[in-house]
Amino acid sequence: MFKSKKGKVVMSLLLSSALLVTACGGKTEDSQGSGGSTDEKTTEISLLRPSWNNLRPASKDLWMWQEYEKMSGVKVNWEELSDIGEKKNVILTRKDLPDAFYQVDWSNGELLKYGQQGMFVPLEDLIKEHAPNLQKYLDENEEVRKGLTSADGHIYALPYLDPYPEGNRTLRLYINKKWLDNLGMEVPKTTAELEEALMAFVTKDPNGNGVNDEQGWYMPSGNIGWTFEQMLMGSYGIGNGGRKAVGNFIYVDKNDEIQLTITSDGYKEILKYQNRLYKNGAINKQAFSGVDYDKWVADAAKDTVGAWNWAAPDYIGESVKNDFVAINVLAGPEGDMASLTDSQVAGASSLVITKDAKDPGAILKWVDYFYSEEGSIFGYLGKEGVTYNMEDGKMVYIDEILNYKDGIGLGAFQYVDNVYGGYFPYVELSPEVRAAAGKQEVPVHADLTEETLPSVLLPDLPATTEEANQSSSIIADVGNYVGQMRVEFVTGTKDIDKEWDNYIAQLKKMGADKYLEIKQAQYKRYKES
């Protein structure tokens with residue numbers, strides 16, 4: 001089991017035969033049977049969610065939801081929409097709302113705003129009454145309860161929970177191990193060694209084809225700022241707070257105070273490091289425009305990619321994913337921290353119940369099953385003998401899934417829901433269980449330890465309505481400006497040393513100091529909640 005720096009043992013989903021409380025009247029899966037109760041009236045609920053119908057059957061036709069209807073006695077009327085992020089606020093103007101939003105991303109500011117307007121239902125008391133599995137988790141994980149609690153003291157949404165930082169909670173650097181071996185080089189452990197490796201990749205023909213076609217760090221355009229750059233923050237002393245913190249331009253300093261990453265000396269040095277790599281060809285010249293995902297995957301299949309960042313190797317494509325090895329931490333001038341590790345609250349708005357829900361308690365009972373061990377297994381693996389079989393004591397997907405033409409993940413997605421797209425209301429399974437399901441090796445991340453994890457892993461900090469309005473206005477301008485200046489600093493069209501004071505002054509004009517003040521107040525309130 002993984003222990004946090006505070007010494008608490010993070011919950012492990014032990015695959016035992018213990019009978020867990022489920023969302024369906026406290027029955028176990030065996031006592032429910034697959035046919036459900038025939039003498040009870042079926043409850044109906046309506047859920048609106050993102051559409052994945054281009055990749056798998058509609059939710060109403062998916063095996064998992066058909067099976068869970070039999071198990072729970074609850075019929076779900078699904079409404080699925082593409083581009084839901086652009087439509088969600090318009091949906092709230094409808095005369096009749098769905099009972100709940102499922103897997104829809106709402107910011108903390110939006111949850112508070114619509115909660116105080118009466119559009120979303122406060123859930124903390126209903127959870128205590130109708131969701132024993134989730135309530136137990138909240139009782140045992142104080143930081144999760146704090147992360148879900150809005151500034152007015154209410155909980156307006158259910159979470160996607162991931163107890164395992166060595167799983168998909170960490171965005172890591174993947175480097176081409178085959179190339180390193182061909183060049184007789186070790187896996188880099190420091191920023192200096194990474195620079196040396198990337199330079200060797202673009203100058204020494206590691207793929208052996210006699211053509212200078214190798215790239216160093218290379219991803220679809222636009223990723224450098226929130227993957228590679230934010231990972232380096234742990235090497236330059238500005239990564240404490242974790243993935244959501246650095247994504248919001250903040251970190252926790254040695255005095256347990258919130259500071260801005262983008263105005264720090266550490267960030268200036270990161271830009272210089274990236275500029276040096278870019279100038280020497282070790283960062284792809286189209287890092288900021290011109291490369292979409294399909295082109296990148298096609299280039300990777302030609303064995304031309306040296307390094308990139310993501311949570312799991314599958315992102316780069318099945319044909320080459322095994323050529324890469326993961327790096328979570330690079331020791332740098334000011335630290336060796338895995339700054340792109342997320343909090344347990346990996347998603348804070350996985351299920352939101354609206355004012356038009358006729359029976360919010362029934363919805364919570366329905367979804368609470370997935371916060372149990374049994375429900376987590378069902379959501380990711382399905383049922384033994386149907387979607388997985390036991391092999392040597394491990395749960396392994398059926399052959400139809402393992403041999404699916406587009407890979408195991410999408411193969412499972414033809415049957416079960418909690419394997420693709422993320423942010424399900426559910427507790428994620430361990431990396432060991434998920435690897436075994438696909439007959440894959442368990443990833444080993446020896447550099448992800450208590451010592452290299454951030455001492456603080458922040459969720460998105462709860463905001464008051466006034467704070468949300470102020471910060472959203474500021475961050476829109478600041479974010480655009482930082483993105484623009486990143487391009488100019490990294491590509492060298494502007495000199496970092498000469499322009500740094502002007503850059504800082506412009507951020508101050510845009511309200512960076514006010515934004516910092518808001519974040520400091522939010523962090524104080526979060527700690528005291």
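So, here is what we can say about the structure in this document. (Residues numbered from 1 in each chain as written. Predicted model: local features only at pLDDT ≥ 70, side-chain atom pairs only at ≥ 80, totals over all residues. Heavy atoms only, no water.)

By size, the foremost hydrophobic cluster in this structure holds 73 residues, and its most contacted members are Leu173, Trp217, Phe228, Tyr267, Leu458 and Tyr503. In this view, Trp217 contacts Leu173, Leu198, Asn223, Ile224, Thr227, Phe228, Ala282, Ile283, Asn284, Ala307, Trp308 and Asn309; residues no more than four positions away in its chain are not counted. Counting 59 residues, the second largest nonpolar core, distinct from the first, contains Val74, Trp78, Tyr102 and Trp366. (Core = buried A, V, L, I, M, F, W, Y, C linked by side-chain atoms within 4.5 Å. Buried < 20%, exposed > 50% of the residue type's maximum accessible area, 1.4 Å probe, protein only. Contact = heavy atoms within 4.5 Å.)

It is worth spelling out the side chain of Asn309 at this point. Structurally, Asn309 is set in strand 8 (residues 307–310). Reaching out from Asn309, the side chain makes a polar contact with the side chain of Trp217 at a distance of 2.8 Å. Sequence-distant contacts of Asn309, that is, excluding residues within four places in its chain, are made with Arg172, Leu173, Trp217, Met219, Thr227, Phe228 and Met231. (Helix = DSSP H or I, 4+ residues; strand = E, 2+ residues; numbered from the N terminus. Polar contact = N/O pair within 3.5 Å; in protein donor to acceptor, adjacent residues only side chain to side chain.)

The subject of this paragraph is the sheet that holds strand 5 (residues 172–176). The antiparallel open sheet is built from three strands, whose spatial order is 8-5-9. Both edges of this open sheet fall to strand 8 and strand 9 (324–327), since each of them pairs with a single strand only. Adjacent strand axes in the sheet meet at a mean angle of 30°, parallel and antiparallel pairs treated alike. With four bridges joining them, strand 5 and strand 9 adopt antiparallel strand pairing. Looking across to strand 9, one finds that Ile175 is bridged to Val325. Strands in contact with helix 9 (residues 191–203) are strand 5 and strand 8; relative to strand 5, the strand with the most contacts, it is inclined by about 40°. (Pairing = 2+ DSSP bridges. Axes fitted to C-alpha atoms, helices over the stretch in contact; angles between N-to-C directions.)

Relative to the 24 Å expected for 17 residues at 1.5 Å per residue, helix 21 (residues 512–528) spans 25 Å between its end C-alpha atoms, a close match to the ideal helical length. Residues of helix 21 that are buried: Ala512, Tyr515, Leu516, Ile518, Lys519, Gln522, Tyr523 and Tyr526. Viewed along the axis of helix 21, the buried residues span an arc of 160°, placing them on a single side of the element. Where helix 21 is buried, its residues touch helix 7 (142–148), strand 6 (250–252), strand 7 (258–260), helix 19 (465–491) and helix 20 (496–509). (Expected span 1.5 Å × (residues − 1). Arc of directions from axis to C-beta.)

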